[in-house]
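Structural overview
Single-letter residue listing:
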Amino acid sequence: MLKQRIITAAWLAPLTLIGLFGLQGGAFALFTALIVLLSAWEWTNLAGVTRHGARFALVAVMAVLMLAMWLGGAAFAAWPLWLAAVGWLVNLYWVTHYPGTVGQWQATSRRLLMGGWVLLPCWVGFNVLRDSGAVWLLFVLLLVWTADIGAYFAGRRWGKNKLAPKVSPGKSWEGVYGGLAATLLLAIVFAAWQPISLMGGIALVVITGLVTLVSVLGDLLESMLKRYRNIKDSSQLLPGHGGVLDRIDSLTAAVPIFALFYLQVIHLQVSAL
């Protein structure tokens, strides 16, 4: 397993970095669309669709929706990000009340709809942040990775109080606090580096704290769906690493919400200088 993880990471990491920061415009949108469509393939399984033909058809529908959004300009619009904000509030309720809320979302159609408001706005968020010049795309990626690292070490050292034992028994509140501390430090560094006002820097720190918590929710949502389906990984597309969703679950929440904050707050602070 370790050998598989190393081999997969050896080609996956540079390919991902080249795609995210070496591509722009339509090429970048296509690259991220492929990631989202692979995630959609896995989501159909989480939703309870098992026949390959039906899964391919649903992914094709997602691809058509993305093409329509690109042609209509919605791939850079704010409204899909607002949809994500509302959707993640609903997801928060379902995760924090699991398993009591299973009856509200267990129908395959509802889990597919859930995938729509998770995956499509994530793709829009990627486009919005890449269009900003990639600095803020880099920031949100670092935010999620830093939160994971901080949570891992803090959880191992101090973790006692379970965050969501019925959803993901391994996560602790101490891990969340460790992730928050690490990302807030990251935000301070970025605020000092980027040409934003003092109020903009304060806003970035606050936004970073909120998005860090949202990224944890992204992880928990996938864990909830996998627990309900009684599966360990979303797929085996990435040998040794599970599925694409297993790698980007936190990003599906963090990217659209941070992109919304970017459009509504951050870029205004940068533009004001």
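Now for a description of the structure that goes with this document. The structure displayed is predicted, hence computed values, not measured ones.

1. What to know about the overall build of the chain
Assigned secondary structure in the chain consists of ten helices and two strands. Sequence-ordered secondary structure for the chain, helices as α and strands as β, is α-α-α-α-α-α-α-β-β-α-α-α. By the compact-globule yardstick of 19 Å for 273 residues, the chain fits well, its C-alpha radius of gyration being 18 Å. C-alpha atoms of the chain, sized along the principal axes, occupy 55 × 50 × 40 Å. When each of the 273 residues of the chain is scored for burial, the buried share is 49%. Put simply, of all contacts in the chain between residues at least 6 apart along the chain, 75% involve residues at least 24 apart. Entry remark: accessible area of the chain is about 13100 Å², with carbon and sulfur atoms responsible for 69%. Positive and negative side-chain charges of the chain, numbering 18 and 9 respectively, have mean locations separated by a distance of 7 Å.

2. A look at the packing of aromatic side chains
One pass over the full model with this rule turns up 13 aromatic pairs. Following the ring pairs from residue to residue traces out a cluster consisting of Trp-136, Phe-139, Phe-190, Trp-193 and Phe-258. Above the face of the Trp-41 ring, Arg-55 is positioned so that its terminal group lies 3.9 Å from the ring centre. Over the ring of Phe-28 we find Arg-130; its NZ or CZ atom is 6.0 Å from the centre of that ring.

3. As for helix 7 (residues 135-158)
For helix 7, with 24 residues, the first-to-last C-alpha span of 33 Å sits near the 34 Å given by 1.5 Å per residue. Looking only at helix 7, the buried set comprises Trp-136, Leu-137, Phe-139, Val-140, Leu-141, Leu-143, Val-144, Ala-147, Gly-150 and Ala-154.

4. Here's the deal with the layout of surface pockets
In this structure, the second largest pocket spans a volume of roughly 430 Å³. The set of elements that each furnish at least two residues to the lining of the second largest pocket consists of helix 4 (79-96), strand 1 (162-164), helix 8 (173-193) and helix 9 (198-229). Ranked by the residues each element gives to the lining of the second largest pocket, the list is headed by helix 4, at six residues. Looking at the lining of the second largest pocket, its residues break down into 18 nonpolar, one polar and one charged.

5. A short note on empty space enclosed by the protein
Overall, the coordinates contain one cavity of 30 Å³ or more when judged by the stated rule. If you add up the space inside the largest cavity, you get close to 30 Å³. Those elements giving two or more residues to the lining of the largest cavity turn out to be helix 9 and helix 10 (244-271).

6. Considering the pattern of salt bridges
The full count for this structure, using the stated rule, is four salt bridges. Among the ionic pairs, Glu-222 bridges to Lys-226, the shortest N-O distance being 3.9 Å. Here Glu-222 and its partner Lys-226 are both found in helix 9, four residues apart, which amounts to about one turn of the helix. By relative accessible area, Lys-226 is classed as buried at 12%. Between Asp-246 and Lys-226 there is a salt bridge; the shortest N-O distance is 3.0 Å. Placement of Asp-246 in helix 10 and of Lys-226 in helix 9 is noted, with a sequence separation of 20 residues between them. Neither residue differs from the other here; Asp-246 and Lys-226 are each classed as buried.

What counts and what doesn't
Residues numbered from 1 in each chain as written. Predicted model: local features only at pLDDT ≥ 70, side-chain atom pairs only at ≥ 80, totals over all residues. Heavy atoms only, no water. Helix = DSSP H or I, 4+ residues; strand = E, 2+ residues; numbered from the N terminus. Rg over C-alpha atoms; globule rule 2.2 N^0.38 Å. Buried < 20%, exposed > 50% of the residue type's maximum accessible area, 1.4 Å probe, protein only. Contact = heavy atoms within 4.5 Å. Areas by Shrake-Rupley, 256 points an atom, 1.4 Å probe, with all protein chains shown as cover. Lys, Arg positive; Asp, Glu negative; His and termini not counted. Charge placed at Lys NZ, Arg CZ, Asp CG, Glu CD. Phe/Tyr/Trp six-rings, centres within 6.5 Å; stacked < 30°, edge-to-face > 60°. Lys NZ or Arg CZ within 6 Å of the ring centre and 35° of its normal. Expected span 1.5 Å × (residues − 1). 1 Å grid on protein atoms, 1.4 Å probe; cavity = no way out; pocket = protein on both sides within 12 Å on 5 of 7 lines; lining within 4 Å. Points joined across faces, edges and corners; volume = space filled by probe spheres on them. Nonpolar A, V, L, I, M, F, W, Y, C, P; charged D, E, K, R; others polar. Salt bridge = Lys/Arg side-chain N within 4 Å of Asp/Glu carboxyl O.

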